[in-house]
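Okay, here's what each chain looks like letter by letter:
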Amino acid sequence: MQALTNRAKPVDRRPMTFMEKLYVPAIAKGMGITLKHLFQRKATVSFPEKKRDFSPVFRGLHVLNRDEEGRERCTACGLCAVACPAEAITMEAAERKTGEENLYREEKYAARYEINMLRCIFCGFCEEACPKDAIYMSETFAPSNYQRKGFIYGKDDLLIPDPKTGK
Amino acid sequence: MAEEKKLFKVKIDNISVEVEPGTTILNAARKIGGDIVPPAMCYYSKLQGSGGKCRTCLVKVSKGSDADPRPMPKLVASCRTTVMDGMEVANITSPEVQEARKGVVEFLLLNHPLDCPVCDQAGECDLQNLSYEHGAEATRYEFKRRTFDKIDIGDKIQLHMTRCILCYRCVFTADQLTEKREHGILGRGDASEISTYIHQSLDNNFIGNVIDVCPVGALTDKTFRFKNRVWFLKPVDAHRHCEDPKCCGKTVLWMRGDEVFRVTARKDQYGEVENFICDTCRFDKKEAKDWIIEGPRKIDRHSVISQGHYVNTVKPKDPLVEVLDGRQPKLLFDIHTTSQVNRPDIDLSKIDGPAHSDDFNHRNS
């Protein structure tokens, strides 16, 4: 049979030499490698105590943004939902009433906004599609949960705190 | 003395077509079809006297006729210029026309608020399509855009004057379809606006057709306002027996599940209504049982409305039913137990106008 690559090495089936039969030098060599690694820098971090920095392009859990005056930016245009390849985003829109101008930036707003984190693949298309700078992906993971219902993120989970009142 | 009618031979973008005398260049181009049809924002084949206002259908006439082969001195509006025998017209083959159209689109968008994320017309808007295909990517306008005092023209139709491009289609519709026209253009020049004189509401039968003829989102359906985006709805052809003799009863229902969110007339490839429908069909029949559903409507696959509508797909057989001896798989998580969106106990399509904050909260458990 023709070899696929020229890197194939035939198995060495010669009888062992005296030095090889002793085994001790080979064991010492192996232990040497093990001991060397004891003094090298660890490849892992002890996670909950120590956290690694995220890369600047990391796409984590979504947040819904507010403007400087604390009004919700999202206007429920549905572009994030249509861009979402996993169909994780759903929303329902409502019209702003008089007296709600301090809550919502535009005439129309998302009364309900939900991201199903079980479906989300964190591709960042929603962030790219948003014409109102309303949705961003933060530098955190979605926390784990024992139950599926914990992964349905509504507006109260996603909205950032109001910059004026802090809540 | 039945004399054979002489047909005029016209050449549009080097494609010959024979049309009757009196046909406009636009209609001759539509007879050929395809890419060479000039776009039209104000011309509407079903409305007498429409056209000549938006200037998007400008074409170059490079040869006037066989008798007088001189070219026309400047670009002409194809919806208003009738053909002559031996006329030669350039539309997409003329860079001058493309450049002029780009300018026209920039002018149409000068005062347009570009609030497409809020606008209900987004996704089926002629101005959106036009600016995608022919416009520049940015405006050079630096001044404040024109605004108007908001006026209420009734509980069925919503007017957004800032989005209007003054095509006059709705005025012709009201003139030619309804018994009494209540709205028109007030003011002149930059200040002209669609309005009703001494605020009245539009409540003639057939007035709902102004929503369909409006090429932008200036006139939208208030019963559908903000309820859903058009591309999340599924358009189906449907008909009902309408008591009104003028109404054909043939419509498109925009559905989601069993809910009928919106009823519109059927539109052809140029975005023009095939048959006008009455207001009862449009606003009052919002239940699937009022209609006889014919089947899904064909949507151009380049339209955003066709997203998620897969045609000719073959569904693989679900092996689970056989493996489980006919038992249903155990549902581990019913999304409605947690999700607040699309709650089965709230039918958004049943609310009269747009939903407000209390529509969601009062039945909150």
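Basis of the calculations
- Within any chain, residue numbers begin from 1 and follow the written order of that chain's sequence.
- Numbering of ligands from 1 and lettering of chains from A proceed in the order in which they are written.
- Totals for whole chains, interfaces and linings use all residues, but because this is a predicted model, local features are given only for residues with pLDDT of at least 70 and pairs of side-chain atoms are given and counted only at 80 or more.
- For this entry, the nonpolar core is defined as buried Ala, Val, Leu, Ile, Met, Phe, Trp, Tyr and Cys residues connected by C-beta atoms within 7 Å.
- Think of it as a crowd count around each C-beta: if 20 or more other C-beta atoms lie within 10 Å the residue is buried, if 12 or fewer it is exposed, and in between it is partly exposed, with C-beta placed from the backbone throughout.
- For the purposes of this entry, the term helix denotes a DSSP run of H or I that reaches at least four residues, the term strand denotes a run of E that reaches at least two, and both are numbered from the N terminus.
- Residue pairs qualify as contacts under a 7 Å threshold applied to their C-beta atoms, which are placed from the backbone.
- Classification used: nonpolar for Ala, Val, Leu, Ile, Met, Phe, Trp, Tyr, Cys and Pro, charged for Asp, Glu, Lys and Arg, polar for all others including Gly.
- Note that domain bounds follow an automatic or database assignment of domains.
- UniProt positions are given in the numbering used here, feature names are shortened, and annotations may be inferred rather than shown by experiment.
- When DSSP finds two or more bridges between a pair of strands, those strands are recorded as paired.

Participant: Give a detailed account of the nonpolar core, specifying residues and quantitative values.
Facilitator: Grouped burial of nonpolar side chains is what soluble globular proteins tend to show. Among the nonpolar cores identified, the biggest contains 74 residues, and Val59(B) and Val210(B) are the most heavily contacted of them. With five residues, helix α4 (residues 169-177) of chain B is the largest single contributor of residues to this core. Once you skip the residues sitting within four places of it in the chain, Val59(B) turns out to touch Ile25(B), Pro38(B), Leu75(B), Val76(B), Ser78(B), Val89(B), Ala90(B), Asn91(B) and Val97(B). Core analysis: the next-biggest nonpolar cluster, separate from the first, contains 30 residues, Ala93(A), Ala94(A), Phe226(B) and Ala355(B) among them.

Participant: Quick rundown of the interface of chain A and chain B? Include the residues and the values.
Facilitator: Taken together, the contact between chain A and chain B spans 24 residues of the former and 24 residues of the latter. Elements that contribute at least two residues to the side of chain A that touches chain B include exactly β2 (89-95) and β3 (108-116) of chain A. For the side of chain A that touches chain B, the class distribution of residues is eight nonpolar, four polar and 12 charged.

Participant: Let's hear about the domain arrangement of chain B: which residues, and what values?
Facilitator: Residue and element names in this part refer to chain B. Each assigned domain of chain B is listed with its residue range as follows: domain 1 (21-108), domain 2 (126-221), domain 3 (230-306) and domain 4 (320-361). Between the C-alpha centres of domain 1 and domain 2 the distance comes to 24 Å. Counting residues at the interface gives 16 residues for domain 1 and 18 residues for domain 2.

Participant: Before we move on, could you go through the UniProt feature "binding site: [4Fe-4S] cluster 2" (unreviewed entry) in chain A and cite the residues and values that matter?
Facilitator: Residues and elements named next belong to chain A. What UniProt calls "binding site: [4Fe-4S] cluster 2" (unreviewed entry) maps, in this numbering, to Cys84, Cys120, Cys123 and Cys126. The largest pairwise C-alpha distance within this set of annotated residues, which runs over 43 residues, is 10.5 Å, so the set is compact in three dimensions. Residues within four places of cysteine 126 in sequence aside, it is in contact with Cys80, Ala83, Cys84, Ile89 and Ile135.

Participant: Describe in detail unusual backbone geometry, supporting the description with residues and values.
Facilitator: Residue Phe122(A) is not a glycine yet carries a positive backbone phi of 55°. Looking at the secondary structure, you find Phe122(A) in the loop between β3 and α4 (125-129).

Participant: Account for the pairing of β3(A), with residues named and values stated.
Facilitator: Residue and element names in this part refer to chain A. Extensive coverage of β3 is indicated by the burial of nine of its nine residues. Across seven bridges, the pairing between β2 and β3 is antiparallel. Within β3, the position partnered with alanine 94 by the bridge is tyrosine 109.

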